[in-house]
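Listed below, chain by chain, are the residues.
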Amino acid sequence: MTTPTTTPPRTAALDQSDERLRQSEGLRGALKSFLDSVRAGDVGALPVVVGLLLIGTIFQALNPVFLSSGNLVNLILDSCAVGVISLGIVCVLLVGEIDLSVGSVSGFTAAIVAVLFVRHNVNWVLAVLIACVVACVIGLLYGVLLTKFGMPSFVSSLSGLLAFLGLQLALLGTQGSVNLPFDSKIVGFAQLDFVPPWLSYVLAALAAVALFLSGYETMVRRRRANLSARPLNLLVIRSVALLIALELLFWYLNQDRGVGWMVVFFVTLVLALNYAITRTRWGRSLLAVGGNAEAARRSGINVRNVYWSAFVLCSLLAAVGGILAAGRLASANLSSGTGDVNLNAIAAAVIGGTSLFGGRGSAFSALLGTLVIAAIASGLTLLNLDSSYRFVITGLVLAIAVAIDSLARKSRVSHGRA
Amino acid sequence: MTTMPSPTRTTLLSLRGVSKTFGAVNALTDIDLDVDAGEVVAIVGDNGAGKSTLVKVLAGVHQADSGSITFDGSDVQIADPSAAIHLGIATVFQDLSLCENLNVVENLFLGQELSPLRLDEVAMEVRSWELLRQLSAKIPTVRIPIASLSGGQRQTVAIARSLLGDPRVIILDEPTAALGVAQTAEVLDLIERLRERGLGVIMISHNMEDVRAVADRVVVLRLGRNNGEFDAHTVSSSEVVAAITGATDNVVTRRRDRLQNLEEQSGMASSHDGKETT
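### Digging into the overall build of chain A
Thinking step 1. Regarding its fold elements, chain A presents 16 helices and 2 strands.
Thinking step 2. Taking 2.2 N^0.38 as the reference for a compact globule, 418 residues should give roughly 22 Å; the C-alpha atoms of chain A span a radius of gyration of 23 Å, in line with that estimate.
Thinking step 3. In terms of principal-axis extent, the alpha carbons of chain A reach across some 80 × 55 × 40 Å.
Thinking step 4. Of the contacts formed within chain A by residues at least 6 apart in sequence, a portion of 78% connects residues at least 24 apart.
Thinking step 5. Counting 29 positive and 18 negative side-chain charges, chain A places the centres of these two groups 8 Å from one another.

Here's what the structure looks like:
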């Protein structure tokens, strides 16, 4: 299954020529190097995938409704809003900072949209835009407090948590809640609009083709430059596996209502942020600042702007998540964005494998982590356990995730991969 | 106080009266420095002489309080590190300033990645291998985090990074301190190659052997001030040491004299005939 794109006399590839390097070629080599890196503490998404399988098995055994199409559709829809907020948390964690006010910001911006849209009859697009601008200003404020006043983001966002909760209460006034009409676009998007089944299968196929093409392009370019590349059969297997998994998942969801447009929106955001982090200079500077801010500064990176962009993006995504959450509930009220929203968003990023210590993480951690949290919440609801249990168990899962993060970090240090 | 740069050379970088204070401490006072194209200037001095501060002023990490910096004939302000990089002043810092969580390629191209909106990883990796080959670097793979490399390997990566982007002046702060015998020779060879290519090289070193091996001119700093400038080919070590310590009677000469006396007394010649006496 190997294609000889350019066949120079079989000398070692440019990056494989060092004699100390163990040759890892083909499928077995790829598998072996994956196992090696896990052992050395580069666990990546492995713990969370194992965790999801465990959660699925346990709750399915306790209540057979858990893995039914209907419950999965709800579970996935429920995870979108927190997932979007969690994406923003990934950005600030990557630069080694934290934003504890995402819950309040999401509630505050949801209140802005609801009040403008329902009470003042402002066009919903304009209302959303205004809320997003407010969120950007909030993010910029945290950035300025950090870079100009040296105020740790932990403290500034903790005060922001309280301040924006106050503003949210003031905005909603004595009534305390604004209901969004069911025929509005926001509610429709978050609750009622589903991708037609045929389109969902096409999207799944497109995703698999895109994965293959990008992998193939990289492989051809690397071979042409005489660098080692992933073998073609690995690319094919990877794409076919994704195709089968997605088509099966969509088929299963389509037995019920199907795939919500909000889910497509969330996944698109994840892919976009993943691209931005891994394939752009901005993403590289996020990681650099999180790893060693002074070294990044000396490399000519404008560290201040990197911090600002991370905080602005975090608040903006918190606003988008808040608006989606309001749409899902068809209301913005006093409890929007309060309770466990904050902690869930942060926990999701960490559970998914983004390090609290900065400089390490990925956009997919938000996706996987939110799924874990939504699965636990849904499973416990099905068991008729009240929220006290949910809090305890979510807290435990977060503790385990941080422990894994710290252990993996220790292991990386001892294996020289920190 | 001898060397005059030969008239054909052009002065690339020139400092006049540069001062820098940290609180009540005058780290640099009225520093003058000239670097010509195709010249290696060694800056030597004791601990606390202001060498690293001078490097940081030139690299844009610190800003000078007063004085003027002329680069390529025009007055410049080096407000931040990116300004220095844009001018063409590349610096290898003593602490190397690498990001441990990023791999070799990512560190080499940090801040100057190819095609910012769609990083060209293949081209960057190929260029990285070229650079590392050029330095005879012993790095098995460029896709591992800097954290897994040894001190000497990191030093090579830091030097390789300074060569990216075609600088006009390269500043090396203690470039051979962490290196093995072979790598030290490679770095000295490299400095000579840089000189042949017409770059200005500023090298900070405690190692007089390295200085005499490659430098054209030796500039001595003492307590934040200029304290002598020598032609590296003709000056003797003791002259430089005297300038570094500020006197002909200093701890180094006293030690040498004491050892010589001992030898004479015991009649054992040559066993302590160290480098200081040459």
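Still more to cover.
### Let's talk about the overall build of chain B
Thinking step 1. Within chain B, the regular secondary structure consists of 9 helices and 10 strands.
Thinking step 2. When the 278 residues of chain B are sorted by exposure, 52% land in the buried category.
Thinking step 3. The long-range share in chain B, meaning contacts at least 24 apart out of those at least 6 apart in sequence, stands at 63%.
Thinking step 4. Only carbon and sulfur atoms are counted for the fraction: they give 50% of the accessible area of chain B, which is about 12,300 Å².

### Focus on the pattern of salt bridges
Where charged atoms of side chains with opposite charge meet at close range, the side chains can pair.
Thinking step 1. Summed over the entire model, instances satisfying the criterion amount to 23 salt bridges over all chains.
Thinking step 2. With a closest N to O distance of 2.8 Å, Arg284(A) and Glu121(B) form a salt bridge. Placement of Arg284(A) in helix 11 (residues 281-291) and of Glu121(B) in helix 4 (residues 121-134) is noted, with the two residues assigned to different chains.
Thinking step 3. Accessibility expressed as a relative area gives 4% for Arg284(A), which makes it buried.
Thinking step 4. Through salt bridges with shared partners, a single network forms among Asp15(A), Arg222(A), Arg284(A), Glu106(B), Glu121(B), Glu125(B) and Arg143(B).

### What about the interface of chain A and chain B?
Thinking step 1. Taken together, the 33 residues of chain A in the interface contact 39 residues of chain B.
Thinking step 2. Interface of chain A and chain B: buried area, both sides summed, is about 3,200 Å²; carbon and sulfur atoms make up 53% of it.
Thinking step 3. Contact with chain B buries area across many residues of chain A, yet Arg281(A), Arg284(A) and Arg298(A) alone supply 26% of it, more than any other trio.
Thinking step 4. Remark: the boundary between chain A and chain B carries 7 salt bridges.
Thinking step 5. Taken together, the links from chain A to chain B amount to 15 residue pairs in polar contact (both at pLDDT 80 or more).
Thinking step 6. Broken down by secondary-structure element, the contributors of at least two residues to the side of chain A that touches chain B are helix 8 (197-224), helix 10 (261-279), helix 11 and helix 12 (293-298) of chain A.
Thinking step 7. Among the residues making up the side of chain A that touches chain B, the classes are represented as 11 nonpolar, 9 polar and 13 charged.

### A look at a nonpolar patch on the surface
Residue and element names in this part refer to chain A.
Thinking step 1. On the surface, a nonpolar cluster with roughly 740 Å² of combined accessible area is contributed by Leu31, Phe34, Leu35, Leu46, Val50, Leu54, Ile58 and Leu62.
Thinking step 2. Mapped onto the nonpolar patch, the elements with two or more residues apiece are helix 1 (26-39) and helix 2 (46-62).
Thinking step 3. A per-element tally of the nonpolar patch places helix 2 first, with 5 residues.
Thinking step 4. Structurally, Leu54 can be placed in helix 2.

### Structural notes on the sheet that holds strand 10 (residues 225-231) of chain B
Residues and elements named next belong to chain B.
Thinking step 1. An order of 6-7-8-3-9-10 is seen for the 6 strands of this open sheet, with the pairing classed as mixed. With partners counted over all chains shown, the strands left at the sheet margins are strand 6 (89-92) and strand 10, one partner each. Taken over all neighbouring pairs, the strand axes of this sheet differ in orientation by 20° on average, direction set aside.
Thinking step 2. With 5 bridges connecting them, strand 9 (residues 217-222) and strand 10 associate as antiparallel partners. Looking at the pairing, Arg217 lines up with Asp231 of strand 10.

### What to know about the nonpolar core
Thinking step 1. Within the largest apolar cluster, 108 residues are counted, with the highest numbers of intra-cluster contacts made by Leu87(A) and Ile89(A).
Thinking step 2. Counting residues per element, this core draws most heavily on helix 3 (residues 69-94) of chain A, which supplies 17 residues.
Thinking step 3. The residues touching Leu87(A), leaving out its near neighbours within four places in the chain, are Phe266(A), Leu269(A), Val270(A), Leu273(A), Leu317(A), Ala363(A) and Ala366(A).
Thinking step 4. In terms of nonpolar packing, the next biggest core, distinct from the first, is built from 53 residues, Val44(B), Ile159(B), Leu190(B) and Val220(B) among them.

### Looking at the domain arrangement of chain B
Thinking step 1. Under the domain assignment, chain B is made up of domain 1 (11-99 + 154-247) and domain 2 (252-278).
Thinking step 2. Using C-alpha coordinates to define each centre, domain 1 of chain B is positioned 33 Å away from domain 2 of chain B.

### Some remarks on the pairing of strand 9 of chain B
Residues and elements named next belong to chain B.
Thinking step 1. Summarising burial for strand 9: 5 of the 6 residues are buried, a large majority.
Thinking step 2. As judged from the 5 bridges shared by strand 3 (residues 39-45) and strand 9, these two strands associate in the parallel manner. In the strand pairing of strand 9, Gly45 is matched with Leu221.
Thinking step 3. Joining the antiparallel neighbours strand 9 and strand 10 is a turn of 2 residues, in which Leu223 adopts a positive phi near 50°.

### Some thoughts on the packing of aromatic side chains
All names here are of chain A.
Thinking step 1. In total, this model carries 6 aromatic pairs over all chains according to the counting rule given.
Thinking step 2. Where Phe59 meets Phe66, the ring centres are 5.3 Å apart and the plane angle is 40°; that geometry is what we call tilted. Of the two residues, Phe59 and Phe66, neither departs from the other in class, the shared state being buried.
Thinking step 3. Taking the centre distance of 5.8 Å and the plane angle of 80° together, the rings of Phe189 and Phe265 count as edge-to-face.

### Considering the sheet that holds strand 1 (residues 11-22) of chain B
Residue and element names in this part refer to chain B.
Thinking step 1. Here 4 strands make up an open sheet; going across it, the order is 2-1-4-5 and the pairing antiparallel. Looking at the sheet topology across the chains shown, the edges are occupied by strand 2 (25-36) and strand 5 (74-76). Strand-to-strand, the axes of this sheet are offset by a mean angle of 25°, without reference to chain direction.

### With respect to the confidence of the model for chain A
Caution applies to low-pLDDT regions: their predicted coordinates should not be interpreted in detail.
Thinking step 1. Scored by pLDDT, chain A has a mean of 89; 94% of the residues are at 70 or more.
Thinking step 2. Confidence over residues 1-10 of chain A falls short of pLDDT 50; this stretch has 11 contacts with residues more than four positions distant or in other chains.

### A word on the packing of helix 3 of chain A against helix 13 (residues 303-329) of chain A
Think of two packed helices as two axes; the pair is described by the angle between the axes and how far apart they sit.
Residues and elements named next belong to chain A.
Thinking step 1. Viewed as axis vectors pointing N to C, helix 3 and helix 13 meet at an angle of 165°, and their least axial separation amounts to 6 Å. When the interaxial angle is binned, helix 3 and helix 13 end up roughly antiparallel. Where helix 3 crosses over helix 13, the two elements pack in a sense that is left-handed. Facing helix 3, whose interface residues are Asn74, Leu77, Asp78, Ala81, Val84, Ile85, Leu87, Gly88, Ile89, Cys91 and Val92, helix 13 presents Ala310, Phe311, Leu313, Cys314, Leu317, Ala318, Val320, Gly321, Gly322, Leu324, Ala325 and Arg328.
Thinking step 2. In terms of residue class, the contact of helix 3 with helix 13 is made up of 17 nonpolar, 4 polar and 2 charged.

### Some points on unusual backbone geometry
Residues and elements named next belong to chain B.
Thinking step 1. In this structure, Glu174 takes a positive phi of about 50° despite not being glycine.
Thinking step 2. Along the chain, the position of Glu174 falls in the loop between strand 7 (169-173) and helix 6 (181-196).
Thinking step 3. With a phi angle near 50°, Leu223 is a residue other than glycine that sits in the positive phi range.
Thinking step 4. Residue position: Leu223 is located in the loop between strand 9 and strand 10.

### Here we look at the state of the cysteines
Thinking step 1. The full count for this structure, using the stated rule, is 0 disulfides over all chains.
Thinking step 2. Free of any disulfide, Cys91(A) has its nearest cysteine sulfur in Cys314(A), 7.1 Å distant.
Thinking step 3. Cys91(A) supplies the cysteine sulfur nearest to Cys99(B), a cysteine that is in no disulfide, at a spacing of 18 Å.

### A look at the environment of Ile237(A)
Thinking step 1. Checked against the element boundaries, Ile237(A) lands in helix 9 (residues 232-254).
Thinking step 2. Residues Ile237(A) and Val128(A) lie 109 residues apart in sequence; the distance between their C-alpha atoms is 42 Å.

Rules behind the numbers
- Residues numbered from 1 in each chain as written.
- Chains lettered and ligands numbered in written order.
- Predicted model: local features only at pLDDT ≥ 70, side-chain atom pairs only at ≥ 80, totals over all residues.
- Heavy atoms only, no water.
- Helix = DSSP H or I, 4+ residues; strand = E, 2+ residues; numbered from the N terminus.
- Rg over C-alpha atoms; globule rule 2.2 N^0.38 Å.
- Contact = heavy atoms within 4.5 Å.
- Lys, Arg positive; Asp, Glu negative; His and termini not counted.
- Charge placed at Lys NZ, Arg CZ, Asp CG, Glu CD.
- Buried < 20%, exposed > 50% of the residue type's maximum accessible area, 1.4 Å probe, protein only.
- Areas by Shrake-Rupley, 256 points an atom, 1.4 Å probe, with all protein chains shown as cover.
- Salt bridge = Lys/Arg side-chain N within 4 Å of Asp/Glu carboxyl O.
- Buried area = accessible area lost by both parts, 1.4 Å probe.
- Polar contact = N/O pair within 3.5 Å; in protein donor to acceptor, adjacent residues only side chain to side chain.
- Nonpolar A, V, L, I, M, F, W, Y, C, P; charged D, E, K, R; others polar.
- Patch = residues over 30% accessible without salt bridge, like charges linked within 9 Å, V, L, I, M, F, W, Y side chains within 5 Å.
- Pairing = 2+ DSSP bridges.
- Axes fitted to C-alpha atoms, helices over the stretch in contact; angles between N-to-C directions.
- Core = buried A, V, L, I, M, F, W, Y, C linked by side-chain atoms within 4.5 Å.
- Domains from an automatic or database assignment.
- Phe/Tyr/Trp six-rings, centres within 6.5 Å; stacked < 30°, edge-to-face > 60°.
- pLDDT = per-residue confidence, 0-100.
- Parallel < 35°, antiparallel > 145°, perpendicular 65-115°, else oblique.
- Left-handed = near helix turned anticlockwise from the far one by under 90°.
- Disulfide = S-S within 2.5 Å.

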